[in-house]
Amino acid sequence: MRKGDIALITVAVISLVLWLIPKPQGGRVLISVNGEVYREVSLDENSVIPIETEFGKNTVVIEKGGVFVTHSNCPDGLCEKDRISKSGESIVCLPNRLSVTVEGKNKEEVDVILW
Amino acid sequence: MVNTRKITKLAAFISVAVILGYVESLFPPVAAGVKLGIANTVIIAALYIHGGKDAYIVSVLKVVLCMALFGSMTSFIYSLSGAVLSLSAMIIAKRSKNFSIISVSGLGGLCHNIAQFVCAYIIIGKGVLFYLPVLCLSGILCGVLTGIAAQLIVKRGREIFGKE
């Protein structure tokens, strides 16, 4: 084992810990397109939000305190895999420049961990 | 200097890297940004057998060819930034002599994913922040796996191609 090997293992362990830290239940959903806020909605109300912009089409669904993307016209469809509900989590569709982020219940609340 | 022999050798490296990149694109990714990066074995082989400058040529041409053949402009920005940062880090790590070949590859995987993360951060915004630990971890793990493969290739490659 050389110094660099140990440094790399340390980074891996830190990443694992940060990934596994439990996050609080979210309250609001922030939908952004191309880095700008598109819509902000509550996580408690069930709704279907169609998103149509110059970058692409997606459908975001909020149901029983969770958010997921049911439709995307992007080629990989990776965003259709996740369902999120915890504060700080997000679903990202890189081709359509869309991000759906769950945030804390109140704006003032500090609950997003920044690394 | 550039001679026919060297051009032929590098062309062989590039074509193998492009084919591996293509084969990998046939498999659906496990999650966004998480993939093995098997073409990295060729880049490491080029780095250890021929040196940093030639590895750059192989790496950048591989990305350009993959974009032209089966990619898109968006993925090109991500791929190129990932390739350049990852190879730069690997060259420095190799020179420092503090890294084994496997952890050079692990560091390359990590830097590849960090570069892609930075691109995503610029394009998408802070919504991608939570994903950084996943990208770091998967980058290191996949880099280590390709590094193990690369170690075997470098050993045999040196016998075939000669050290320089």
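Bear in mind the structure is a predicted one, so any value in this text is a computation, not a measurement. (Residues numbered from 1 in each chain as written. Chains lettered and ligands numbered in written order. Predicted model: local features only at pLDDT ≥ 70, side-chain atom pairs only at ≥ 80, totals over all residues.)

Caption draft 1: A look at the overall build of chain A. The number of helices and strands found in chain A is one helix and eight strands. Scanning chain A from its N terminus toward the C terminus, one meets helices and strands in the order α-β-β-β-β-β-β-β-β. Overall size of chain A, expressed as C-alpha extent along the three principal axes, is 55 × 35 × 25 Å. For chain A, the proportion of contacts with a sequence separation of at least 24, taken over those separated by at least 6, is 38%. (Helix = DSSP H or I, 4+ residues; strand = E, 2+ residues; numbered from the N terminus. Contact = placed C-beta atoms within 7 Å.)

Caption draft 2: Structural view of the interface of chain A and chain B. Counting residues at the interface gives 25 residues for chain A and 26 residues for chain B. No other element matches helix H1 (residues 3–20) of chain A, which puts ten residues into the side of chain A that touches chain B. Within the side of chain A that touches chain B, the residues separate by chemical class into twelve nonpolar, eight polar and five charged. (Nonpolar A, V, L, I, M, F, W, Y, C, P; charged D, E, K, R; others polar.)

Caption draft 3: View of the sheet that holds strand S2 (residues 36–42) of chain A. Residue and element names in this part refer to chain A. Spatially, the four strands line up as an open sheet ordered S2-S1-S8-S7, and their pairing is antiparallel. For this open sheet the edge positions go to S2 and strand S7 (90–93), each flanked by a neighbour on one side alone. Neighbour-to-neighbour, the strand axes of this sheet turn through a mean angle of 15 degrees, independent of strand direction. Bridge count between strand S1 (residues 28–33) and S2: six bridges; the pairing is antiparallel. (Pairing = 2+ DSSP bridges. Axes fitted to C-alpha atoms, helices over the stretch in contact; angles between N-to-C directions.)

Caption draft 4: Region of interest: unusual backbone geometry. All names here are of chain A. The backbone of lysine 64 shows a phi angle near 50 degrees, a positive value even though the residue is not glycine. Along the chain, the position of lysine 64 falls in the loop between strand S4 (56–63) and strand S5 (66–72). Using a count of 9 C-beta atoms within 10 Å as the deciding quantity, one classes lysine 64 as exposed. Look at arginine 97: it is not a glycine, yet its phi comes out positive at around 55 degrees. As for its position among the elements, arginine 97 is in the loop between S7 and strand S8 (98–103). Classification of arginine 97 by C-beta neighbours within 10 Å gives buried; the count is 22. (Buried ≥ 20, exposed ≤ 12 C-beta atoms within 10 Å, placed from the backbone.)

Caption draft 5: Quick look at the packing of helix H2 (residues 40–49) of chain B against helix H3 (residues 52–70) of chain B. All names here are of chain B. Two numbers describe how H2 lies on H3: the axes approach to 7 Å, and their chain directions differ by 155 degrees. Viewed along their axes, H2 and H3 adopt a mutual orientation that is roughly antiparallel. You can see that H2 and H3 cross each other, and the crossing is right-handed. Between H2, through Val42, Ile43, Ala46 and Leu47, and H3, the contact on the second element is made entirely by Gly52, Asp54, Ala55, Val58 and Ser59. (Parallel < 35°, antiparallel > 145°, perpendicular 65-115°, else oblique. Left-handed = near helix turned anticlockwise from the far one by under 90°.)

Caption draft 6: Inspection of the environment of B:Ala149 at higher detail. Residues and elements named next belong to chain B. Inspection of the secondary structure assignment puts alanine 149 in helix H6 (residues 132–161). By the C-beta count within 10 Å, which is 18 here, alanine 149 ends up partly exposed. When the C-alpha positions of alanine 149 and cysteine 136 are compared, they lie 20 Å apart, and in sequence the two are 13 residues distant.

Caption draft 7: Representation of the nonpolar core. Of all hydrophobic cores here, the largest spans 64 residues; its most connected members are A:Val67, B:Ala17, B:Val42, B:Ile43, B:Ala46 and B:Leu107. Residue contributions to this core peak at nine residues, all from helix H5 (residues 101–124) of chain B. Leave out the neighbours within four places in its chain, and B:Ile43 touches B:Ala17, B:Ala55, B:Val58, B:Ser59 and B:Leu87. (Core = buried A, V, L, I, M, F, W, Y, C linked by C-beta atoms within 7 Å.)

Purely geometric numbers; function is a separate question.
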